Amino acid sequence: MTIDWANLGFDYIKTPFRYLSIWKDGQWDQGKLTEDNTLHINEGSAALHYGQQCFEGLKAYRCKDGSINLFRVDQNAKRMNRSAKQLLMPEVPEEKFIQAVEEVVRANSEFVPPYGSGATLYIRPLLIGIGEGIGVQPAPEYLFTVFCMPVGAYFKGGLTPTNFVVSEYDRAAPQGTGAIKVGGNYAASLYPGKLAKERHFSDCIYLDPATHTKIEEVGSANFFGITKDNRFVTPLSPSILPSITKYSLLYLAEHHLGMEAVEEDVYLDSLDKFTEAGACGTAAVISPIGGIQVGDDFHVFYSETEVGPVTQKLYDTLTKIQLGDIEAPAGWIRNIKN
Ligand code: PLP
Ligand code: COI
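Description of the structure in this document.

Criteria and cut-off values
- Residues numbered from 1 in each chain as written.
- Chains lettered and ligands numbered in written order.
- Predicted model: local features only at pLDDT ≥ 70, side-chain atom pairs only at ≥ 80, totals over all residues.
- Heavy atoms only, no water.
- Helix = DSSP H or I, 4+ residues; strand = E, 2+ residues; numbered from the N terminus.
- Rg over C-alpha atoms; globule rule 2.2 N^0.38 Å.
- Buried < 20%, exposed > 50% of the residue type's maximum accessible area, 1.4 Å probe, protein only.
- Contact = heavy atoms within 4.5 Å.
- Areas by Shrake-Rupley, 256 points an atom, 1.4 Å probe, with all protein chains shown as cover.
- Lys, Arg positive; Asp, Glu negative; His and termini not counted.
- Charge placed at Lys NZ, Arg CZ, Asp CG, Glu CD.
- Near = heavy atom within 4 Å.
- Polar contact = N/O pair within 3.5 Å; in protein donor to acceptor, adjacent residues only side chain to side chain.
- Nonpolar A, V, L, I, M, F, W, Y, C, P; charged D, E, K, R; others polar.

## Some points on the overall build of the protein
Okay, so step 1: Scanning the protein from terminus to terminus reveals 6 helices and 18 strands.
Okay, so step 2: Taken against the 2.2 N^0.38 rule, which gives 20 Å for 338 residues, the C-alpha radius of gyration of the protein at 20 Å falls within 12% of a compact globule.
Okay, so step 3: Principal-axis analysis of the C-alpha atoms places the extent of the protein at approximately 55 × 50 × 35 Å.
Okay, so step 4: Relative to its 338 residues, the protein shows a buried fraction of 53%.
Okay, so step 5: Within the protein, counting contacts between residues at least 6 apart in sequence, those at least 24 apart form 71% of the total.
Okay, so step 6: Split by element, the accessible area of the protein, about 15,300 Å² in all, is 50% carbon and sulfur.
Okay, so step 7: For the protein, the distance from the average position of its 30 positive side-chain charges to the average position of its 41 negative side-chain charges is 4 Å.

## A word on the site of ligand 1
Okay, so step 1: Among the 17 residues in the neighbourhood of ligand 1, the closest are listed as Tyr-186, Glu-217, Ser-243, Thr-245 and Thr-282.
Okay, so step 2: Residue Lys-181 places a side-chain N or O atom 2.8 Å away from an oxygen atom belonging to ligand 1.
Okay, so step 3: Taking 380 Å² as the accessible area of ligand 1 by itself, protein coverage stands at 97%.
Okay, so step 4: Secondary-structure elements contributing two or more residues to the shell around ligand 1 are strand S11 (215-218), strand S12 (221-227), helix H5 (244-255) and strand S15 (274-281).
Okay, so step 5: When the residues that make up the shell around ligand 1 are grouped by side-chain class, the tally is 6 nonpolar, 7 polar and 4 charged.

## Brief notes about the site of ligand 2
Okay, so step 1: Around ligand 2 sit Phe-10, Phe-55, Gly-57, Tyr-122, Arg-124, Tyr-154, Lys-181, Tyr-186, Ser-220, Thr-282 and Ala-283, and that is every residue in its neighbourhood.
Okay, so step 2: Between an oxygen atom of ligand 2 and a side-chain N or O atom of Tyr-122, the distance comes to 2.6 Å.
Okay, so step 3: Lys-181 is positioned such that a nitrogen or oxygen atom in its side chain is 2.6 Å from an oxygen atom of ligand 2.
Okay, so step 4: Bound to the protein, ligand 2 loses 89% of the 280 Å² it would expose on its own.
Okay, so step 5: Classifying every residue of the shell around ligand 2 gives 6 nonpolar, 3 polar and 2 charged.

See below:
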């Protein structure tokens, strides 16, 4: 298979190996790599009927010296276990999670895009409830799999700004599952996302479900803004996904760019205080937001065509750390020699 690394989108590509492990009778099996990319599960599986499932997303980066970096994989392991706990699923021990990710990356290392190509290897851990069942109750058995594929930009345009629209729909409830990474949140975002794309927006921005006055997040990424007084601001909310990229940017804005970095309410009627805005996440990396449609009004941040200077600096700092070009804060990188 020849891959045009520079022109990859965010699409499924079958890579040779994936990891699979089963939880049964109170324990996980050893787990193994397999070439079969089809799951064989009971028709009564709770994941299929009642959404008892959660997932993660992280990336592997090819470094200049040919080795491979994993970015904050321990944080993904911890977040998946928070999701598992809330959905009454067995936790995957952190060491097992990290080992599975490493095995999959090593086994598919020829699919880790070259340094400098702009592409990366996207890794998708998935935990689902399986086995016989039909009542609304936790599954008797669980399947944990990790698979991967090379990807390019999630939002077309990469570092070129794109536009978003504020949705009148909610992806999550105030005390619901918004802060964990479960499929149901994404199922709820499909229709609002379709409406946004039909109007040629990249995606929608959700508001806080209780009052619809504050920005929450994008369907697949967190929101951030840079204020006129040079603060890095991201929404504070119990119903958004605690983005690992967002927490990394909060740290980098403060410690590398010398900015004040805070999580606080982002009111829709105070967008004028921001000079730049963006969406951030593993898939989205940092995607500048040109403007957002709020009802009949269109609010432009820095520019609809050019990335702002602070967003550019944050992007450079984050991606250089991920690629191993500058030193990472302690514990952020796991380097795999292959
Ligand atoms: N918010 C949502 C809804 C997401 O799906 C993602 C992607 O994982 C993010 C935010 C960003 O999180 P992270 O930076 O951990 O990838
Ligand atoms: C990610 O950034 O890893 C995501 O999960 C976003 C999206 C592909 C669901």
